[in-house]
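Below are the chains, spelled out letter by letter.
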Amino acid sequence: NLLRVAVFDRRPDDIDPVVARIERNCDERTAEESRCAALIAKAFLTGDDDAPWRAADGVCKGRLERPDVLLHMLALRSGRREEALAMEERGKKQLAELESAPERAKSGYRTLLTYLEAERLMSEGRHAEAVPKLREVDAEATWWQSAGGGAIRLVARLALANALDTQRLHHAQHDRAVAGVL
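Keep in mind that what you see is a predicted model, and the values were worked out from it rather than measured.

What counts and how
Residues numbered from 1 in each chain as written. Predicted model: local features only at pLDDT ≥ 70, side-chain atom pairs only at ≥ 80, totals over all residues. Heavy atoms only, no water. Helix = DSSP H or I, 4+ residues; strand = E, 2+ residues; numbered from the N terminus. Salt bridge = Lys/Arg side-chain N within 4 Å of Asp/Glu carboxyl O. Buried < 20%, exposed > 50% of the residue type's maximum accessible area, 1.4 Å probe, protein only. Expected span 1.5 Å × (residues − 1). Disulfide = S-S within 2.5 Å. Contact = heavy atoms within 4.5 Å. Axes fitted to C-alpha atoms, helices over the stretch in contact; angles between N-to-C directions. Parallel < 35°, antiparallel > 145°, perpendicular 65-115°, else oblique. Nonpolar A, V, L, I, M, F, W, Y, C, P; charged D, E, K, R; others polar.

Draft legend 1. Representation of unusual backbone geometry in the model. Phi is positive for Arg10, close to 55°, though the residue is something other than glycine. Among the structural elements, Arg10 can be located in the loop between helix 1 (2–8) and helix 2 (15–25).

Draft legend 2. Representation of the pattern of salt bridges within the structure. Applying the stated criterion to the full structure yields 23 salt bridges. Residues Arg120 and Glu124 are paired through a salt bridge, measuring 3.5 Å at the closest nitrogen-oxygen approach. For Glu124, a relative accessible area of 26% gives the class partly exposed. Between Arg153 and Asp138 there is a salt bridge whose closest N-O contact spans 3.1 Å. Placement of the pair is Arg153 in helix 9 (residues 149–181) and Asp138 in helix 8 (residues 127–140), with a sequence separation of 15 residues. For the pair formed by Arg153 and Asp138, the shared burial category is buried. Through salt bridges with shared partners, a single network forms among Arg81, Glu82, Glu88, Arg120, Glu124, Arg126 and Glu129.

Draft legend 3. View of helix 7 (residues 103–123). Taking 1.5 Å per residue, 21 residues should reach 30 Å; helix 7 reaches 30 Å between its end C-alpha atoms and fits that length. Remark: Gly125 follows helix 7 within two positions and exhibits a positive phi of approximately 80°.

Draft legend 4. Just the state of the cysteines, in detail. Counted by the stated rule, this structure contains 1 disulfide. Residue Cys36 pairs covalently with Cys60 via a disulfide, S to S 2.2 Å. The disulfide joining Cys36 to Cys60 has a torsion of about 110° about its S-S bond and is therefore right-handed. With Cys36 in helix 3 (residues 28–46) and Cys60 in the loop between helix 4 (51–54) and helix 5 (69–77), this residue pair connects regions lying 24 residues apart in the sequence.

Draft legend 5. A look at the side chain of Glu88. With respect to the helices and strands, Glu88 occurs in helix 6 (residues 81–97). For Glu88, a relative accessible area of 4% translates into the label buried. Aside from chain neighbours lying at most four places away, what touches Glu88 is His72, Leu113, Leu116, Glu117 and Arg120.

Draft legend 6. Looking closely at the packing of helix 5 against helix 6. Two elements in contact, helix 5 and helix 6, have axes whose closest approach is 7 Å; the angle formed by their N-to-C orientations is 150°. Considering their axes alone, helix 5 and helix 6 lie roughly antiparallel with respect to each other. Residues Leu71, His72, Ala75 and Leu76 of helix 5 touch helix 6, and the partners they reach there are Arg81, Glu83, Ala84, Met87 and Glu88. When grouped by side-chain class, the residues that make up the contact of helix 5 with helix 6 number 5 nonpolar, 1 polar and 3 charged.

Draft legend 7. Representation of the environment of Leu113 within the structure. Among the structural elements, Leu113 can be located in helix 7. On a C-alpha basis, the gap between Leu113 and Glu89 in space is 9.1 Å, while along the polypeptide they are 24 residues apart. Contacts of Leu113, omitting those with residues within four sequence positions, involve Pro67, Glu88, Gly91, Lys92 and Leu95.

Draft legend 8. Here's a closer look at the environment of Ala139. Looking at the secondary structure, you find Ala139 in helix 8. According to the relative accessible area criterion, Ala139 is exposed, its value standing at 59%. Placed 14 residues apart in sequence, Ala139 and Arg153 show a C-alpha to C-alpha distance of 8.4 Å.

The following block contains the structure:
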């Protein structure tokens, strides 16, 4: 959660101290996960969109296939559309494997996958298709999920506002163009 706070506050300098704290107080698996999450978060905040793939055999070894909001954004921003699509597909397969899991777990995972698809659609300029998906994320995500559902809801609301604003601007440009022809 402290890594999320650093991302939302746009403070990349806060990330390394959080990781150091995790390394001191948590098991090695958690520390390894946090090192990769930190690299992804710093890459997102600093615009170094290729960083996770440069570290694919290092700190993020074996972790770049998992559906993740920031990693998916970085894949799209760095022109790795196929990587983003592969993340979405792996997520769909993982969701299918959750058949016997509690509905709450499946619901949170479905919300994540819906958000990732909307994120990709927006990056492709397909805002009209992204809007209903972002509204679905907003309706389905809860603020209190420990797995980041509240963060996804917050990010989805921002993306929805951006998509609606882009649509509004596009319609206004279209209206001006049509008025100029008439």
